[in-house]
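So you can see what is in the structure, the chains are spelled out below.
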Amino acid sequence: MTNLEFLQACNPSFSICLQKEENYYIDLAAARGENVVKRMRRAIALSPNKPTYQLLSGQIGSGKSTELLRLKFELEQQGFAVIYCAVDQYLQIHDLGLAELWLVILKLILQQLESKGDSISLTYLPNAIAETEKWMRIIPSVNTSTSGQRLQRILQTLQDNDQNRRQLHRHLETRLTNLLIVAIEEVTGVAVDRVKQTGKKGLVILVDNLDRLSIEQSDLIFGKGGKYLRQFQCHTIYTLPLKASIHLSEQFQLKGTVLITLPNLQLCDRNDVVKPESLNLLRQVVLARMLPNIAPELRLEQVTNCFDRLETLDRLCLASHGHLPYLLSLLQGCLQSQDPPIYLDTLNRVLESDRATRLSTISDRDRQALQKSLTSDYALTPEALNLCRRLLLFDHHDDHGYWFSSSFVTNK
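These notes cover the structure that comes with them. (Residues numbered from 1 in each chain as written. Predicted model: local features only at pLDDT ≥ 70, side-chain atom pairs only at ≥ 80, totals over all residues. Heavy atoms only, no water.)

Here's the deal with the sheet that holds strand E5 (residues 258-261)
As summarised here, the arrangement of the 5 strands in space is E2-E3-E4-E1-E5, forming an open sheet in which the pairing is parallel. Looking at which strands have only one partner, the edges of the open sheet turn out to be strand E2 (81-86) and E5. Ignoring which end each strand starts from, the neighbouring axes of this sheet average 15° apart. Note that strand E1 (residues 53-57) and strand E4 (residues 235-239) share 4 bridges and pair parallel. (Pairing = 2+ DSSP bridges. Helix = DSSP H or I, 4+ residues; strand = E, 2+ residues; numbered from the N terminus. Axes fitted to C-alpha atoms, helices over the stretch in contact; angles between N-to-C directions.)

See below:
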C-alpha cells in the first residue's frame, strides 16, 4: 500500500463496506460481549412477512455504521433487499425534523423502484408531493416528471432555506402529516411487493447517523413521532443518540420498542487487567488497515513491517481504551509523522501531544465531573456523556454492570 492508502484506510471516518473492503473488517463481537448484528438480523429473518422496528444506540464512534453496513451485507446474502441511508448525506442533522426524514426515505425507496424502469401506479404519494410543492411554492418543472425527482427538488429547497424547514415543521402538525403517513404506507407496500416479485424475502431500510440528534430532536422523532415511524410496511432500523435512549427508555418500554445498544469493547476488566482476546482483536483492527491483503492469521508474523516491535502496537491499542475512532486517529497521527514501521518514540510523541491538547480543554468543572464519575456509582449523566464525547472519559461494561475509566484525571 502507498502512504496515501495507509492514511485513507486509517481515517476514523472510513466506513467499511464488506462488498468492497472485506479485508479491513474485524468481527469484534467477542470483545463487545454481544453479537448485535446477529441479534438484529435474526429479528428480521424470523419475521419476514411482518414489519419489524428496531433502534440502535451507542457511543459516537462505537462502530454503529460499520455494523449496520455488515448487517446490510448479511441480509443481502440471506435474500433481502436493503436500503442504507446515511441521513447526513441528504439533510442537515442539526435542524432535522420528522417530515424531512420521511421525505428522504421516500425518495430513496422511489429511487430504487424507478431504477427498475417499471411503471409505478401510486395514489396518495402524488397528492402529498403536490400539497408540499404548493405550500413551498415550487413550480412544477417539465424536466422533473417522476415522483423521486420531485422529492429531490423539495429536499434541495428545504436544504437551501432555513425558513422553509421551520415552516415545514409547523405545517407538519396539520394536514401534511396524514398525507405523508398514507404515502409512506403506500410506497413501502408497493416496494415490498416489487422486491418479493423478484424473489427477495423482503425490504429492509437502515437509517444511520441519527445518533447526532439533540435530545429535543430525538424526542420529536422517536418519542412523539415513534408511532409514525412504525407506519412503514417493511423492516426498519434507526440509529439514535445514547443519551436519547436513556432519556426515552421509559417510553420505549411502554410501547414495546426494541432498543439495542452497541457495547464498547471490553479491553480491560475492572481491575485494569488486560483481556488477551480483546487485545488481539484490536491488534487485528490496526494490522488489517495496514496489511489488508495479508491473511489475518499471518498478520502478526509481519508486525515488524508496521511497527518496530509488537509492544509498540500493544501500547497504541491500550492507549485507545478500546475506542475505535480514537485508536485510528492515534494511528493516523503516527503515519503522518513517519512511514512504517512506526517506532515507539514516534507513538510516544503522538500520545504526549494528544494528551497535552486534551488536558488544555479540561476546566475545574470537568475535573469535578471526572472525579465524580470515577468514584461514584455508574451514571451516564449529561456531564459524563460530554466527557465521553471529548474522549476524556471511557465507559465499559461486563456481566456485572458498567464503569468508567480515564487517563486525564490530574491534581491541580
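Quick notes on the pattern of salt bridges
Summed over all chains, the structure comprises 14 salt bridges. Its salt-bridge partner being Arg-70, residue Asp-27 comes within 3.3 Å of it at the nearest N-O pair. Taken together, the residues span a long stretch of sequence, with Asp-27 in the loop between helix H2 (18-21) and helix H3 (29-32) and Arg-70 in helix H5 (residues 64-77) at a distance of 43 residues. With relative accessibility at 35%, the residue Asp-27 sits in the partly exposed group. Here Arg-367 makes a salt bridge to Asp-364, at a shortest N to O gap of 3.3 Å. Highlighted residues: Arg-367 and Asp-364, both in helix H19 (residues 364-375), separated by 3 residues, approximately one helical turn. What makes Arg-367 partly exposed here is its relative accessible area of 22%. Asp-364 gets classed as partly exposed once you look at its relative accessible area, which sits at 40%. (Salt bridge = Lys/Arg side-chain N within 4 Å of Asp/Glu carboxyl O. Buried < 20%, exposed > 50% of the residue type's maximum accessible area, 1.4 Å probe, protein only.)

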